[in-house]
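# Commentary on secondary and tertiary structure
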Amino acid sequence: IEQLPSGTSFYGTGEASGPLERTGKRVFTWNTDAWGFGPGTTSLYQSHPWVLAVLPDGKAFGVLADTTRRCEIDLRQECTIKFSAPSAYPIITFGPYNSPAEVMMSLSHAIGTVAMPPKWSLGYHQCRWSYDSSEKVLKVVRTFREKGIPCDVIWMDIDYMDGFRCFTFDSNRFPDPKSMADDLHSIGCKSIWMLDPGIKKEKGYFVYESGSETDVWIKKADDSPFIGEVWPGDCVFPDFTCERTRTWWASLVKDFVSNGVDGIWNDMNEPAVFKTTTKTMPESNIHRGDADIGGVQNHSYYHNVYGMLMARSTYEGMAMSNTDKRPFVLTRAGFIGSQRYAATWTGDNLSNWEHMHMSLPMVLQLGLSGQPLSGPDIGGFAGNATPKLFGRWMGVGALFPFSRGHSETGSIDHEPWSFGEECEEVCRLALLRRYRLLPHIYTLFYLSHKKGAPVAAPLFFADSQDPELRKIETSFLLGPLLICASTSPEKGAHECAHKLPKGVWSRFDFGDSHPDLPVMYLQGGAILPVGLPIKHVGEASLEDDLSLIVSLDENGKAEGVLFEDAGDGYGFTQENYLLTYYVAQVHSSVVSVKVLKTEGSWNRPKRNLNISILLGGGAMISSHGVDGEELHITMPSGSEVSNLVATSELELKKRLEMISPIPDIDEPSGQEGAELSKIPIDLKSGDWLLKVVPWIGGRIISMTHLPTDSQWLHSRIEINGYEEYSGTEYRSAGCTEEYKVVRRYLEHSGEEESISLEGDIGGGLVLQRHISILKDNPKIVQINSSIQARNVGAGSGGFSRLVCLRVHPTFTLLHPTEVVVAFTAINGSKQECSPESGEVTLEGDLRPNGEWMLVDKCAGVSLVNTFDPSQVSKCLVHWGTGDLNMELWSEERPVSKDTPLTICHQYELRQTC
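Since we're looking at a predicted model, the values are computed, not measured.

## Details of the UniProt feature "domain: Glycoside hydrolase family 31 N-terminal" (unreviewed entry) in the chain
Following the UniProt record, the feature "domain: Glycoside hydrolase family 31 N-terminal" (unreviewed entry) maps to residues 3-74 here. The span residues 3-74 carries 0% helix and 36% strand; its end-to-end C-alpha distance comes to 12 Å.

Okay, here's the thing in structure tokens:
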């Protein structure tokens, strides 16, 4: 435990959803396949047992818990950092230093810096699960070229394989991958292919046979290979903790790359295993690790580093295949230090505005944990983006360190041209921006590789003493370049009030300002190198015109740096590069711009140099010359500057008024009730925040306990979450119908927040649900549900068909290995149902006596569900993959207007001793 002064702000904790500032939060480092995670999810795909603390005076220091085991990082107590793990571990502190940037550079001495990426990998990447044939792949890339939208890479998800067998190709859909790769290379596009750790257990499959012969599989306690189900069916898993296994895998990768593979994508490497409550393999499995990393240990010791060691093996295989090329690997799972081998993305996010917003702090948080090369699935992986959401997300995503669009199978097309002309134009402008800024972004990666500094940094890096900058999430820095975005569908970035750090910050653009693009500023004292608006990295030449954008500080000075090399290979380690330091300074109203010094053995290319000096308000003056020669530009007088600024601001205003923002197809219209039925509804009061979706099943898709910041329900809009059915069969009427909002009260009859919904389930019946957070006990969520007869025909005696009210919540398990369902049965016996019990039906005297609870031993809390046993004939427990159903069933019978079926129940969170 570290106790710090009041006013300290916490960051880091690795790949974490929710806010940028982690003060008040808790994270558990346990790599988890977290599809559709939410802001309250406490374990994602990567583990970084690390906290960056920014002190009240702006100084900073870091704390690293040197453990690979599951670790609790508890920042809920003010100014206190608390780590907890099941076995002893050292704590390493870094600093205090004068700035957070210095802490990050110090951390890099312990965990390494990012591998220098090939320049093409900093272009735009287009991905989908899946482009299902070589013809489709080539068609997508040619469409990018025809439409003039920049793109450097296309990705192959699992469907390129023969029956999901790694290192194979489907002979019908990808009959000649080398030929396809050659065709892609001829139009300036690279290809990246997926490899998962799960290897199909199948006699005759060369990977399984060679792995068994080399004895590389993870073992069970009885020394037999562990078998778990993933995409191919029954699979065995390489033990990457062992050098023998890593060498075997690297050899397979080396041969695989000969098919024209440019990069490799390691997915599912938490490792994810299907049909298990924990979503992974048993912790009792045995790894035969190398002596220098821990030796023989069970899975709980190596779980968090499994993905990183797989990425390392893949990286080493690619390095063996061609020593003149830098490997490019993307990994989903990782550990602190993974940046030495692989880039990462933020996992299976959702196509909604909340996830778009979260993508900014998530990328920044990874950067503050030593991983600068990251980005989200632009547009969202799961679900369907709208035109405005996709365009706005691309606007900011094009400026993330790693920029890739990706979407899941079954969703609509998510290419930049898939959402209409307005969205397509925004995507084109956004990506042309990225490519103009590539000289700067590539330079930032060189500096990160050499020194460990983040590439994308939070705004407070510009002035860590200013407390108002510490929580800002919609702006970030790329060196001295400030990006100000909007994550609100109602407002563009130009309409938002952006807090700027102290000093000079000059707005500029490339004549491309748009209501759906971020606003850019350059810090006073900086020189920004800018290239041409190319369509892929291979189009660029060292002899191309170079532009320098200059923002003078209060003293009339500026400086900047540009790194140039071959863009691939390792010549830069042998001095084969050019690192140029440019300076600008005002003397007697004349600005001189010159090369201050250079490093590296390369001669300066013969090229034109364009200088633009920012005057404020988007105004600038420009001049031209030859790179390497000193240029002189006469500054306009004060009155001329004022006129230029006024003219520029007026032109920008006119431009933004003339351009229509992207229309959104999901804007609600009509009466208030109709609007309520079209947009998710927040119920927030007391201890709880609920999100309710009336238009599909009236379901609750999110249920967050605010004091513990824990999310107990989290689902996509159309499935799971809290559902109710009207029959004994799974997903009978009630769970998908459109519900009407009958009433909504912010405060009414002793209730703090409530909503009444009603759905027509056919046969003259409605399913009615009243959800409320009680005013007199705000710790409780109360749900009163009933099936009522509204219009049942007289011929049936006024009675309906047989119905059963079935309450079906799908709770998210925060710690799947540490949970049980506990209760006292009606017969007085104490009962527990663990994940190993599978599905359990509780009837008669074995039913809970009005209360049962989901106990999370790791978090020390229980979600308690209370109900009236006279209304519930049966309870059902079903353990899923990372989730749990705790169902309440009424009796099954017909209903009439006078005899509805009703279940009234409550949820409350209690501390567990």
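## Here's the deal with the pairing of strand β36 (residues 619-626)
Taken together, the eight bridges between strand β35 (residues 608-616) and β36 define a ladder with antiparallel strand orientation. Bridge pairing links Leu 614 to Met 620 in β36. Two successive antiparallel strands, β35 and β36, enclose a turn made up of two residues, where Gly 617 displays a positive phi of approximately 65°.

## Focus: helix α3 (residues 177-186)
Within α3, burial applies to Pro 177, Met 180, Ala 181 and Leu 184. Along the long axis of α3, the arc covered by the buried residues comes to 100°, so they all point the same way. Packed against the buried residues of α3 are α2 (134-147), β11 (153-156) and β12 (190-195). A positive backbone phi angle near 75° is found at Gly 188, which sits one or two residues after α3.

## Description of the UniProt feature "domain: DUF5110" (unreviewed entry) in the chain
In this numbering, the UniProt entry assigns the feature "domain: DUF5110" (unreviewed entry) to residues 547-614. For residues 547-614, the end-to-end C-alpha separation is 13 Å, with 0% helix and 59% strand making up the annotated structure.

## Overview of the domain arrangement of the chain
Each assigned domain of the chain is listed with its residue range as follows: domain 1 (9-98), domain 2 (119-197 + 246-453), domain 3 (493-658) and domain 4 (681-911). Placing a centre on the C-alpha atoms of domain 3 and another on those of domain 4 gives a separation of 59 Å.

## Description of empty space enclosed by the protein
All told, the structure shown has seven cavities of 30 Å³ or more when counted by the stated rule. The computed volume of the largest cavity comes to approximately 100 Å³. Surrounding the largest cavity, 14 residues form its lining, Ala 115, Pro 327, Tyr 341, Ala 342 and Leu 373 being those nearest its centre. Grouping the constituent residues of the lining of the largest cavity by class yields 13 nonpolar, one polar and no charged. Lining the second largest cavity are 14 residues, and of these Gly 370, Pro 372, Ser 448, Gly 452 and Ala 453 lie nearest its centre. By residue class, the composition of the lining of the second largest cavity is seven nonpolar, seven polar and no charged.

## Brief notes about the packing of aromatic side chains
In this description, an aromatic ring pair is defined by two values, namely the gap between the centres and the angle between the planes. For the coordinates displayed, the defined rule picks out 43 aromatic pairs. Ring geometry for Trp 155 and Trp 265: centres 5.2 Å apart, planes at 80°, overall edge-to-face. Remark: Trp 265 occurs in strand β16 (residues 263-266) and Trp 155 occurs in strand β11; sequence separation between them is 110 residues. The buried category is assigned to Trp 155, whose relative accessible area is 0%. When the ring of Tyr 315 is compared with that of Tyr 341, the centres are 6.1 Å apart and the planes differ by 65°; the resulting orientation is edge-to-face. Here the residue Tyr 315 occupies a position in helix α6 (residues 299-321), and Tyr 341 occupies one in the loop between β20 (334-335) and β21 (343-345), the gap between them amounting to 26 residues. With relative accessibility at 17%, the residue Tyr 315 sits in the buried group. Pairwise contacts between aromatic rings join Tyr 160, Phe 167, Phe 169, Phe 174, Trp 193, Tyr 208, Trp 217, Phe 240, Trp 248, Trp 249, Phe 256 and Tyr 306 into one cluster. If you follow Arg 404 out to its NZ or CZ, it ends over the ring of Trp 155, 4.7 Å from the centre. Lying across the ring of Trp 265, Arg 404 places its NZ or CZ 4.7 Å from the centre.

Scoring rules and cut-offs
Residues numbered from 1 in each chain as written. Predicted model: local features only at pLDDT ≥ 70, side-chain atom pairs only at ≥ 80, totals over all residues. Heavy atoms only, no water. UniProt positions renumbered as here; feature names shortened; annotations may be inferred. Helix = DSSP H or I, 4+ residues; strand = E, 2+ residues; numbered from the N terminus. Pairing = 2+ DSSP bridges. Buried < 20%, exposed > 50% of the residue type's maximum accessible area, 1.4 Å probe, protein only. Arc of directions from axis to C-beta. Contact = heavy atoms within 4.5 Å. Domains from an automatic or database assignment. 1 Å grid on protein atoms, 1.4 Å probe; cavity = no way out; pocket = protein on both sides within 12 Å on 5 of 7 lines; lining within 4 Å. Points joined across faces, edges and corners; volume = space filled by probe spheres on them. Nonpolar A, V, L, I, M, F, W, Y, C, P; charged D, E, K, R; others polar. Phe/Tyr/Trp six-rings, centres within 6.5 Å; stacked < 30°, edge-to-face > 60°. Lys NZ or Arg CZ within 6 Å of the ring centre and 35° of its normal.

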